[in-house]
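# Notes for the structure review
What follows is each chain in one-letter form.
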Amino acid sequence: MFNSIKHLLRYNPNKFGCQLLAYFSAETTVKSNLTQRECTRGVHPQVCGQPTSTTHPHLIKQGEVLPGISLQELKRRRSKLVESISLTANAKNVCRQQIVVIPASSTIYMSNKIPYVFRQNTDFLYFSGCQEPDSILVLTCKEDKSSYTLFVRPKDEHSELWDGPRTGVEMAVEMFGTDYALPVTEFEQFLTTLVQEDKSSIVWYDHADIVQPILHKKLCQLIKLTDNQIFASPKILFHQIRLIKSACEINLMRESCGIASKAIVKTIQSSKPEMSEHQLFATVDYECRMLGAKYLAYPPVVAGGKNATVIHYISNNQIIRDGDLVLMDAGCEYHGYSSDITRTWPINGKFTPEQKVLYEVVLDVQKNLIESLKEMPSLDNAFRHMCLLLGERLQEVGLIPKNIDENKLLASAYTYCPHHVSHYLGMDVHDTEKISRSIRIQSGMIITIEPGIYVSPRNPYASSRFHGLGIRIEDDVLITENDSEILTKNCPKEVAELKP
Ligand SMILES: [Mn+2]
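Source: prediction; values computed, not measured.

The next subject is the overall build of the protein chain. Tallying secondary structure elements over the protein chain gives 14 helices and 21 strands in all. Relative to a compact globule of 500 residues, whose C-alpha radius of gyration would be 23 Å, the protein chain shows 26 Å and is just as compact. Projected onto its principal axes, the C-alpha positions of the protein chain cover 70 × 70 × 40 Å. The burial tally for the protein chain puts 41% of its 500 residues in the buried class. For the protein chain, the proportion of contacts with a sequence separation of at least 24, taken over those separated by at least 6, is 70%.

By domain assignment, the protein chain separates into domain 1 (65–242) and domain 2 (244–486). Between the C-alpha centres of domain 1 and domain 2 the distance comes to 36 Å. At the interface, 13 residues of domain 1 touch 13 residues of domain 2. Taken together, the elements giving at least two residues each to the side of domain 1 that touches domain 2 come down to helix 4 (122–128) and helix 9 (235–243). Take the side of domain 1 that touches domain 2: its biggest share by element is five residues, from helix 9. By residue class, the composition of the side of domain 1 that touches domain 2 is six nonpolar, four polar and three charged.

Attention shifts here to the sheet that holds strand 3 (residues 98–103). Note on sheets: strands pair through backbone hydrogen bonds, and any given pair is parallel or antiparallel. Ordered by their spatial adjacency, six strands build an open sheet running 8-7-6-3-9-10, and the pairing between neighbours is mixed. Because the sheet does not close on itself, it has two edges, and the strands there are strand 8 (180–183) and strand 10 (231–232). Judged from the six bridges that link them, strand 3 and strand 6 (residues 136–142) form a sheet pairing that is antiparallel. Note on strand 6: the bridge partner recorded for Ile102 is Leu137. In the packing of helix 3 (residues 71–91) onto the sheet, the strands contacted are strand 3, strand 6, strand 7 (145–152) and strand 9 (202–204), and the crossing angle to strand 6 comes to about 50 degrees.

The subject of this paragraph is the sheet that holds strand 20 (residues 475–479). Strand order in the open sheet made by the three strands is 17-20-21, with antiparallel pairing throughout. With one partner strand each, in any of the chains shown, strand 17 (446–449) and strand 21 (484–486) form the two edges of the open sheet. Recorded for the sheet is a direction-independent mean angle of 30 degrees between the axes of neighbouring strands.

Among the residues making up helix 7 (residues 187–197), those that are buried are Phe187, Leu191 and Val195. For helix 7, the buried positions fall inside an angular range of 55 degrees around the axis, keeping them on one side. Along helix 7, the residues that are exposed and aim more than 90 degrees away from the buried face are Gln189, Thr193, Gln196 and Glu197. Summarising the contacts, the buried residues of helix 7 are in contact with strand 6, strand 7 and helix 8 (213–222).

With 18 residues, helix 13 (residues 379–396) should reach 26 Å at 1.5 Å per residue; the first-to-last C-alpha distance of 26 Å fits that figure. Taken together, the buried positions of helix 13 are occupied by Leu379, Ala382, Phe383, Met386, Cys387, Leu389, Leu390, Gly391, Arg393 and Leu394. Residues of helix 13 that are buried sit in contact with helix 12 (353–371), helix 14 (406–416) and strand 17. One or two positions beyond helix 13, positive phi appears at Gly398, with a value near 85 degrees.

A word on the packing of helix 10 (residues 247–270) against helix 11 (residues 277–290). Contact pair helix 10 / helix 11: the axes reach a minimum separation of 8 Å and the direction vectors enclose 140 degrees. Considering their axes alone, helix 10 and helix 11 lie oblique with respect to each other. The handedness of the crossing between helix 10 and helix 11 is right-handed. For the pair helix 10 and helix 11, contact is made by Ile259, Ala260, Lys262, Ala263, Ile264, Lys266, Thr267 and Ser270 and by Leu280, Thr283, Val284, Glu287 and Cys288, respectively.

Definitions and limits used
Residues numbered from 1 in each chain as written. Predicted model: local features only at pLDDT ≥ 70, side-chain atom pairs only at ≥ 80, totals over all residues. Helix = DSSP H or I, 4+ residues; strand = E, 2+ residues; numbered from the N terminus. Rg over C-alpha atoms; globule rule 2.2 N^0.38 Å. Buried ≥ 20, exposed ≤ 12 C-beta atoms within 10 Å, placed from the backbone. Contact = placed C-beta atoms within 7 Å. Domains from an automatic or database assignment. Nonpolar A, V, L, I, M, F, W, Y, C, P; charged D, E, K, R; others polar. Pairing = 2+ DSSP bridges. Axes fitted to C-alpha atoms, helices over the stretch in contact; angles between N-to-C directions. Arc of directions from axis to C-beta. Expected span 1.5 Å × (residues − 1). Parallel < 35°, antiparallel > 145°, perpendicular 65-115°, else oblique. Left-handed = near helix turned anticlockwise from the far one by under 90°.

Next comes the structure, spelled out in structure tokens:
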């Protein structure tokens with residue numbers, strides 16, 4: 001999937017329903033009483049702002065803060081961050097106070113009082129375990145002392161009646177295991193005091209990517225109190241930690257990839273000519289949710305026929321004709337972890353000779369890349385390798401002229417596949433975006449391998465029989481000590497298997 005769309009935002013019907021009730025209640029007293037009772041009954045008897053092992057034992061085990069993520073795991077992550085901040089500061093020979101500010105997401109509205117589905121800022125969620133909007137995690141380090149303070153929204157009877165319970169300050173330390181918890185209303189005073197005590201403090205805050213606009217304004221004022229008056233961006237440090245997945249993250253990723261694989265198998269099985277792209281979108285969405293995913297991890301590409309040559313095609317509103325291929329790029333989010341799969345299959349179950357030739361080229365290249373991952377120094381290197389392999393295979397089938405030098409071959413292959421072949425995968429679809437794709441591939445990384453061929457009618461090399469064909473095959477791969485594991489192996493990709 002592509003970098004521009006990471007946050008899947010959805011409409012929440014519950015909120016709208018509640019507002020209708022409130023509007024209705026203004027009309028008569030009798031109805032008003034009913035509304036009161038309905039709303040009270042509607043509130044879940046939980047005391048925290050997110051599921052716990054008491055209220056949601058089917059999701060959260062004892063000792064876990066998030067599904068599959070224990071409090072110990074969160075504390076390990078936080079220790080790594082302390083270590084990383086201290087190392088960076090020491091390397092610069094600085095023994096000033098370090099203050100790291102990690103904001104939670106705020107609710108975003110699609111129209112008056114109608115929110116999009118809330119998705120937590122993944123850097124914040126990774127270190128805090130807290131699902132509530134508008135919270136802030138602050139780490140302070142000086143010399144060998146460090147502490148974490150979580151700022152949360154205070155309890156508020158009126159707001160909680162409408163939006164559900166909040167964890168509140170009293171429960172936060174026990175629930176999230178930070179050293180302190182304070183109401184968000186005290187954040188400004190807290191930080192002002194810290195900075196006034198030590199004006200040489202370094203404030204680590206990513207000011208380029210605004211997550212909470214009000215907090216951002218406050219911080220821009222506060223930074224003026226420090227000696228150097230500039231923020232240090234902590235994102236690369238966060239992402240270095242997030243890049244290597246722990247055992248429990250790998251389990252969640254396996255599950256996310258397994259669900260999306262099953263959902264795509266079912267979608268392929270149910271597909272037939274004259275269905276709309278939208279219906280296949282609905283099928284994969286339904287199957288993922290029925291298997292336990294929260295939602296699709298991104299707006300999927302469901303592209304029939306020549307729509308597949310538009311790499312970011314997400315209109316998904318055309319009829320898929322008999323004889324066409326359909327390209328589906330879809331994955332799900334399972335307890336905060338994303339999968340990302342692409343399959344291309346003939347809607348009527350039978351490849352035409354041209355479709356089969358190109359499909360087998362992509363499949364060969366994709367398998368070869370996965371096989372040779374252990375010899376690959378980096379993702380960028382895998383991309384160059386793909387261009388070479390793709391170029392050679394296309395020469396064999398007559399879609400690129402023979403007897404051209406390597407640079408020309410790479411350039412010609414690039415006209416067929418103008419996108420990168422891999423990205424990191426994890427909580428976000430394009431995970432850890434601050435990590436370069438030129439670094440060494442290491443055990444514990446999860447990456448995608450996704451070569452494709454897209455034949456535009458303007459392609460100077462391909463005969464017109466191939467025009468309008470678009471094929472991509474994408475799997476999610478865990479790098480292990482001496483090998484790799486295809487997490488999406490249960491999603492078939494052989495020609496003989498791709499039959500509705
Ligand atoms: Mn992808």
